[in-house]
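Chain residues, written in single-letter form:
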Amino acid sequence: MAGLKNKLKQLTSQKSEISKIRRKGETEYKKVKSISRKYSSSLKSTQKRIDTFKQTAEDVNEILSQKIAQMESIQRLKSAAQERLTLETQNKEQVESEIDFSDTPEEKQSLQYRLDSIISTIEEIKNEIKQRTSMEKKFSQAIDEIEKKKNSVSKTIKKNIESKPELAKLAKTAQQKLDSASKKFESAKKRESSVTAKLSKVKAAIPKAKPKTRKVKAKPKTRKVKAKPKTRKVKAKPKTRKVKAKPKTRKVKAKPKTRKVKAKPKTRKIKKKKSRR
C-alpha cells in the first residue's frame, strides 16, 4: 500500500514536469510553424508575382512590337510620299521652264494645264506627309510609354528574382526548425500519455477508503402537550325588569265593597351565573 502511494506521488510529479515540457514544446512548435508558413507564403507570392510580371512583359512586348511595326509602316509611307514630292517638285520646275520657252499660245496653255495638275499633286502629297508625320508622332509617344512600362516590369521581375533565393533559404531553415520542433512536441505528447496511463493504473490499484459516516444522535422525543379545550363563554342572561306592584285602590264609601286585588308576587332576581374556568 505504501509502495503504491509512493509510486503515485512519483508519477504525479513526473506528469507535472512532462506537462510543462509538452506545453513549452507546443508553444515553440506553433511559433516556428507560423514563421515557416510566413516564409513559405512569401516565397509562393514572389514566384506568383514573377510569373504574373513575366506574362505582363510578354503582353507589353507584343503590343510594343505591333506599335513599332505600325510606326515603321507609316515611316515607309511618309518616305515614299517625300520621294514623290521631290519628283513632282522637279517636274514643276521643268514645266515652268518650258512655259517660259514656249513658242505658241496653245503650247503655253497646254503646259499651264500640266503645271496646275502638278501643283495640285504636290499639295496632296504635302497633306499626306503632314498626316503621316502626325501619326508617326502619336505612335512614337505610345511606344515611349510602352517601353517605360516594359522597363518597370523588367525591374520588378529582376527584384523579385533576386529576393527569391534569400526567401527560399529562410523558408528552408524555418522548415527544418519546424520538423525539429514537431518531433520534440510529439515525443513530449507520447511521454505525457504514457505517464498518464501509468498514473491511472496506480490510482485504480489503490483501494479507496470508505468515508466514515457520522452517527447522528437521535433527538429526544418531545411529549406532546394536549391543547386545553377552549372554554365556551356563556353569555350572561339579560336582567329581567322588576314589575312594580299596582297601587292599592282606595275604598270608596257607599259603594259596594270591591274585592281587594292582591299585588302580584315580586319576581326573584336571578343572579348572574359565574362562568366556568
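Residues numbered from 1 in each chain as written. Predicted model: local features only at pLDDT ≥ 70, side-chain atom pairs only at ≥ 80, totals over all residues. Heavy atoms only, no water.

Notes on the environment of Glu123
Okay, step 1: For Glu123, the location among the structural elements is in helix 2 (residues 105-205).
Okay, step 2: As for Glu123 and Leu85, which are separated by 38 residues in sequence, their C-alpha atoms are 8.9 Å apart. (Helix = DSSP H or I, 4+ residues; strand = E, 2+ residues; numbered from the N terminus.)

A closer look at helix 2
Okay, step 1: Here helix 2 contains 101 residues, and its C-alpha end-to-end distance of 144 Å stays within 8% of the 150 Å for a straight helix at 1.5 Å per residue.
Okay, step 2: Of all the bends found along helix 2, the most pronounced is centred on Lys164 and spans about 30 degrees, while Pro165, a proline, follows it within four residues. (Expected span 1.5 Å × (residues − 1). Bend = angle between axes of the 7 residues up to and from the residue.)

Section: the confidence of the model for the chain
Okay, step 1: In the predicted model, the chain carries a mean pLDDT of 78, and the fraction of residues at 70 or more is 73%.
Okay, step 2: Across residues 260-277, confidence stays below pLDDT 50; counting only partners more than four residues off in sequence or on other chains, it has six contacts. (pLDDT = per-residue confidence, 0-100. Contact = heavy atoms within 4.5 Å.)

A closer look at the pattern of salt bridges
Okay, step 1: For the coordinates displayed, the defined rule picks out nine salt bridges.
Okay, step 2: With a closest N to O distance of 4.0 Å, Arg114 and Glu98 form a salt bridge. Here Arg114 is found in helix 2, whereas its partner Glu98 is found in helix 1 (residues 2-100), with 16 residues between them in sequence.
Okay, step 3: Its salt-bridge partner being Glu128, residue Arg132 comes within 3.7 Å of it at the nearest N-O pair. In this pair, Arg132 and Glu128 both sit in helix 2, four residues apart, roughly one turn of the helix.
Okay, step 4: Salt bridges sharing partners connect three or more residues here, namely Arg22, Glu26, Lys30 and Glu192. (Salt bridge = Lys/Arg side-chain N within 4 Å of Asp/Glu carboxyl O.)

Looking at the packing of aromatic side chains
Okay, step 1: Tallied over the full model, the rule gives one aromatic pair.
Okay, step 2: Between Tyr29 and Phe185 the ring centres are 5.6 Å apart and the planes differ by 20 degrees, which places this aromatic pair in the stacked class. Of this pair, Tyr29 sits in helix 1 while Phe185 sits in helix 2, and the two are 156 residues apart along the sequence. Across the pair, Phe185 and Tyr29 agree in class, each one buried. (Phe/Tyr/Trp six-rings, centres within 6.5 Å; stacked < 30°, edge-to-face > 60°. Buried < 20%, exposed > 50% of the residue type's maximum accessible area, 1.4 Å probe, protein only.)

Digging into the environment of Leu85
Okay, step 1: With respect to the element layout, Leu85 can be found in helix 1.
Okay, step 2: Since its relative accessible area comes to 18%, Leu85 is described here as buried.
Okay, step 3: Leu85 sits 39 residues away from Glu124 along the chain, and the two C-alpha atoms are 9.3 Å apart.
Okay, step 4: Setting aside its immediate chain neighbours within four residues, Leu85 contacts Ile122, Ile125, Lys126 and Ile129.

With respect to the nonpolar core
Okay, step 1: The biggest cluster of nonpolar side chains holds 10 residues, and these are Ala81, Leu85, Val95, Ile99, Leu111, Leu115, Ile118, Ile122, Ile125 and Ile129.
Okay, step 2: Elements with a minimum of two residues in this core: helix 1 and helix 2.
Okay, step 3: Sorting elements by how many residues they give to this core places helix 2 first, with six residues.
Okay, step 4: Setting aside anything within four residues of it in sequence, one finds Ile118 in contact with Glu88, Asn91, Lys92 and Val95.
Okay, step 5: By size, the runner-up hydrophobic cluster in this structure holds seven residues, among which are Val60, Ile74, Phe139 and Ile143. (Core = buried A, V, L, I, M, F, W, Y, C linked by side-chain atoms within 4.5 Å.)

Examining the environment of Ile99
Okay, step 1: Summarising the element assignment, Ile99 is placed in helix 1.
Okay, step 2: In this structure Ile99 comes out as buried when scored by relative accessible area, which is 9%.
Okay, step 3: Along the backbone, Ile99 and Leu111 are 12 residues apart, and their C-alpha atoms lie at a distance of 6.1 Å.
Okay, step 4: Residues contacting Ile99, with those up to four places away along its chain left out, are Lys108, Leu111, Gln112 and Leu115.

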